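Structure at a glance
So you can see what is in the structure, the chains are spelled out below.
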Amino acid sequence: MATIHDVNPTELIEKTALELKKNENIKPTEWSIFVKTGVHKERAPARDDWWYIRAAAVLRSVYKQGPIGVAKLRVKYGGKKRRGHQPPTFYRGSGNILRKILQQLEKAGFVKKEEKLKHKGRDITSEGKSFLDKIANQIHKGSNVKVEKKSLDKKEVELLEKEKKIIQEEVALEKSSKKANSPIEKEVKKIVKEEQEKS
């Protein structure tokens, strides 16, 4: 059975986002329409379903790196802010967005609060793990589907051969007609005609 490590992350996130739309606990907030995802961004996200995309990406991050907290996720979803003539500076992503998404995923039963040694934060639950692995498995199966080559009948092969010969003949005729109408060929014909008239 395939896991999230065996498939393309972008494809996994897109498919997971579609599945999360069906879950009642995962819903964009009222302010998600106009909010930026961080100080480093100039505008709000262009996609209407960006909340589900971010939720899917966060769920994948928790699966891979959990237990993980908001602080580490802020660094992951941060970026450099352009400051004109000054050098760009790194800013962390919005903590409020990530906190709300983690709370919604926890409510849905995909993540839980966990503490392992010094690491503290949210970790993936068995439900969340099976949810992602199931989607990954579907993607993996879809990419391994082989297209069967259709075997041609004798009649079809004969027809193809005839068509090939006709095309070759047409190409040969075109070439010969081009040679006949070429300037050199015309000049040669003219000289031959003049010689005949003189004699």
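As shown above, the structure is provided for reference.
Procedures and definitions
Residues numbered from 1 in each chain as written. Predicted model: local features only at pLDDT ≥ 70, side-chain atom pairs only at ≥ 80, totals over all residues. Heavy atoms only, no water. Axes fitted to C-alpha atoms, helices over the stretch in contact; angles between N-to-C directions. Helix = DSSP H or I, 4+ residues; strand = E, 2+ residues; numbered from the N terminus. Left-handed = near helix turned anticlockwise from the far one by under 90°. Contact = heavy atoms within 4.5 Å. Nonpolar A, V, L, I, M, F, W, Y, C, P; charged D, E, K, R; others polar. Phe/Tyr/Trp six-rings, centres within 6.5 Å; stacked < 30°, edge-to-face > 60°. Buried < 20%, exposed > 50% of the residue type's maximum accessible area, 1.4 Å probe, protein only. Salt bridge = Lys/Arg side-chain N within 4 Å of Asp/Glu carboxyl O.

A few words on the packing of helix H1 (residues 9-20) against helix H2 (residues 50-65). At their nearest, the axes of H1 and H2 sit 8 Å apart, and the two run at 120° to each other. Regarding H1 and H2, the two cross each other, and that crossing is right-handed. Between H1, through Pro9, Leu12, Ile13, Glu14, Thr16, Ala17 and Leu20, and H2, the contact on the second element is made entirely by Tyr52, Ile53, Ala55, Ala56, Ala57, Leu59 and Arg60. Residue composition of the contact of H1 with H2, by class: eleven nonpolar, one polar and two charged.

With that settled, the discussion passes to the packing of aromatic side chains. Applying the stated criterion across every chain, the model contains three aromatic pairs. Residues tryptophan 50 and tryptophan 51 carry aromatic rings whose centres are separated by 5.5 Å and whose planes lie at 70° to one another, so their mutual orientation is edge-to-face. Overall, tryptophan 50 belongs to the buried group, its relative accessible area being 9%. Aromatic pair phenylalanine 110 and phenylalanine 131: ring centres 4.6 Å apart, planes at 20°, arrangement stacked. With phenylalanine 110 in the loop between helix H4 (95-108) and strand S3 (111-116) and phenylalanine 131 in helix H5 (residues 126-143), the pair connects residues that are 21 residues apart, well separated along the chain. A relative accessible area of 5% places phenylalanine 110 in the buried class. Three or more aromatic residues link up through ring pairs in this structure, and these residues are Trp31, Trp50 and Trp51.

Next up on the list: the pattern of salt bridges. Enumeration over the complete set of coordinates arrives at seven salt bridges. One salt bridge in this structure joins lysine 22 and glutamate 19, with 3.3 Å as the shortest N-O distance. With a relative accessible area of 63%, lysine 22 lands in the exposed category. A salt bridge links arginine 47 to aspartate 49; its shortest N-O distance comes to 3.1 Å. Members of the salt-bridge network, linked through shared partners, are Glu14, Lys21, Arg47 and Asp49.

Everything listed is a geometric property; what it means functionally is a separate question.
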